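For reference, the chains in residue letters:
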Amino acid sequence: MNNIAVIGSGTMGNGIAHVFAQFGYQVSLIDIQQAALDKALATVSKNLDRQVSKGSLSEEDKVKALINIQTFTELSTGVKDADLVVEAATENISIKLDLFRQLDELCPEKTILATNTSSISITKIGASTKRPEKVIGMHFMNPVPVMKLVEVIRGYATSDEITNQVMGLAKKLERVPVEVNDYPGFVANRILMPMINEAIYTLYEGVAGIEEIDTVMKLGMAHPMGPLQLADFIGLDVCLSILRVLHDGFGNPKYAPCPLLVNMVEAGYKGAKTGEGFYKYTAGSKELKVSERFEKK
């Protein structure tokens, strides 16, 4: 397995491309807009520079990694030689199903179709193709070049052979793969998202402020980042989407998203990527400042 196609050049997609390229794989990075691909390559280059400055990568290895990435705006061209496709498009079930139907038609018979979805059913995605035994979840954590965990999610029809291949591939990337079964939220988000949602409810109900909630979890539970800051980092729209998958999948009211989260997303305050969520973000500044909307009067 040498040729990897990555679909989607956003935060997760460019991170996945970075890691595969760094370990010598030929990567086809695919997006519908060339501008998005150019931005992704600039991000990969910047993150590789960071590794060089820390001494974990040589300048020569950085150049090799960048050479290993080719960009495509045409899906059929980008995936025609792929041994593995890793889909990292937006977390939307209809978009993913349509994409996997196309991939099933365009990719060689040998190609494994993986998705980086953080919550959507692998079984449902696999069932949209004629090769469900070769469809699997490969859920990297953000930021991909730094985080070691990969959740490997097998759908109802995913074969043992494909699961073992993907587990082995993750190890070649010096990641730690954990095999899990296909239920809403898998493991990481089934546990993480209710915690984030409860933190938002704690704010919503006036129990404590943003900094107080995050400080309790950082100092009391040894979390490197408080749950509200983490929600901003993940994207409040992504958190909401995952909670809705959990709520729909289990039918349990404990997964119902907090009304405050729903309102913030509908108003366009989605966290760090939009410049404001629970905190306010200024380009070039590392200072963390609570959003004026939540400042104590």
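Residues numbered from 1 in each chain as written. Predicted model: local features only at pLDDT ≥ 70, side-chain atom pairs only at ≥ 80, totals over all residues. Heavy atoms only, no water.

### A few points about the pairing of strand S2 (residues 26-30)
For S2, a buried count of 4 out of 5 residues is recorded, marking the element as mostly surrounded by other parts of the structure. Strand direction decides the pairing type here: strand S1 (residues 3-7) and S2, joined by 5 bridges, are parallel. Directly across from Asn3, in S2, lies its bridge partner Gln26. Note on the crossover from S1 through helix H1 (residues 11-22) to S2: the handedness is right-handed. Two strands pair when backbone bridges link them, and S2 and strand S3 (residues 69-72) are joined in this way by 4 bridges, in the parallel orientation. Bridging across to S3, Ser28 finds its partner in Gln70. (Buried < 20%, exposed > 50% of the residue type's maximum accessible area, 1.4 Å probe, protein only. Helix = DSSP H or I, 4+ residues; strand = E, 2+ residues; numbered from the N terminus. Pairing = 2+ DSSP bridges. Right-handed = clockwise from strand over helix to strand, strands pointing away.)

### Considering the UniProt feature "domain: 3-hydroxyacyl-CoA dehydrogenase NAD binding" (unreviewed entry) in the chain
Under the present numbering, the feature "domain: 3-hydroxyacyl-CoA dehydrogenase NAD binding" (unreviewed entry) in UniProt falls on residues 3-182. Helix makes up 44% of residues 3-182 and strand 22%, with an end-to-end C-alpha separation of 26 Å. (UniProt positions renumbered as here; feature names shortened; annotations may be inferred.)

### Some points on H1
Here H1 is 12 residues long and its end C-alpha atoms lie 17 Å apart, about the 16 Å a rise of 1.5 Å per residue gives. Across the 12 residues that make up H1, a large majority, 10, are buried. When we look at burial in H1, the residues that qualify are Met12, Gly13, Asn14, Gly15, Ile16, Ala17, His18, Val19, Phe20 and Ala21. (Expected span 1.5 Å × (residues − 1).)

### Notes on the sheet that holds strand S7 (residues 149-154)
In spatial order, the strands read S3-S2-S1-S4-S5-S6-S7-S8; together these 8 strands make up an open sheet with mixed pairing. Where the open sheet ends on each side, the last strands, each with one partner, are S3 and strand S8 (176-181). Averaged over all neighbouring strand pairs, the angle between strand axes comes to 25°, with direction disregarded. Taken together, the 4 bridges between strand S4 (residues 84-87) and strand S5 (residues 112-115) define a ladder with parallel strand orientation. Note that in S5 the partner of Glu87 across the bridge is Thr115. (Axes fitted to C-alpha atoms, helices over the stretch in contact; angles between N-to-C directions.)

### As for the nonpolar core
In terms of nonpolar packing, the biggest core is built from 35 residues, with Ile16, Phe20, Leu84, Val86, Met138 and Phe140 touching the most fellow members. By residue number, the principal contributor to this core is H1, which donates 6 residues. Apart from residues lying up to four places away in sequence, Val86 is in contact with Ile4, Ala5, Val6, Ile7, Ile16, Phe20, Ala114, Asn116 and Met138. Residues Ile200, Leu228, Cys258 and Phe278 belong to the second largest nonpolar core, which totals 26 residues. (Core = buried A, V, L, I, M, F, W, Y, C linked by side-chain atoms within 4.5 Å. Contact = heavy atoms within 4.5 Å.)

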